[in-house]
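# Results of the structural survey
Residues per chain are reported as follows:
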Amino acid sequence: MVAMIDPNFSPSSPSQNERFATTNWNVVVAAGGPESPNAKLALSTLCEIYWYPLYSFVRRRGYDSAEAQDLTQAFFAMILEKNSFSVADPARGRF
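So, here's what we can say about the structure. (Residues numbered from 1 in each chain as written. Predicted model: local features only at pLDDT ≥ 70, side-chain atom pairs only at ≥ 80, totals over all residues. Heavy atoms only, no water.)

So, about the nonpolar core. Core analysis: the biggest nonpolar cluster contains 16 residues, and Leu46 and Phe85 have the highest contact counts within it. Secondary-structure elements contributing two or more residues to this core are α1 (25-31), α2 (37-60) and α3 (65-81). A per-element tally of this core places α2 first, with 8 residues. (Core = buried A, V, L, I, M, F, W, Y, C linked by side-chain atoms within 4.5 Å. Buried < 20%, exposed > 50% of the residue type's maximum accessible area, 1.4 Å probe, protein only. Helix = DSSP H or I, 4+ residues; strand = E, 2+ residues; numbered from the N terminus.)

In structure tokens form, the structure reads like this:
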């Protein structure tokens, strides 16, 4: 079962916690699975959970808001293009 997304969550909200969430490997594994409703929901969940912490990380490196948004989106695009979720391994540590 995939974790449900908080309907009040806003990845661009400045009040959102900037720390990375504890890895929920069930969601990561589901996101890397074959195309299915659960895989799509898991992928959406991961993007929403990790978008703001990644964006904050990039901002702290000195990029302005627009550049940080572009770099964060590019990171997710790369992860999706390479299907990196399908090779994620809980034995190797945190996601």
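On the secondary structure map, Thr45 appears in helix α2. For Thr45, a relative accessible area of 3% puts it in the buried group. Engagement of the side chain of Thr45 in a polar contact is seen with the backbone oxygen of Leu41, the distance being 2.8 Å. (Polar contact = N/O pair within 3.5 Å; in protein donor to acceptor, adjacent residues only side chain to side chain.)

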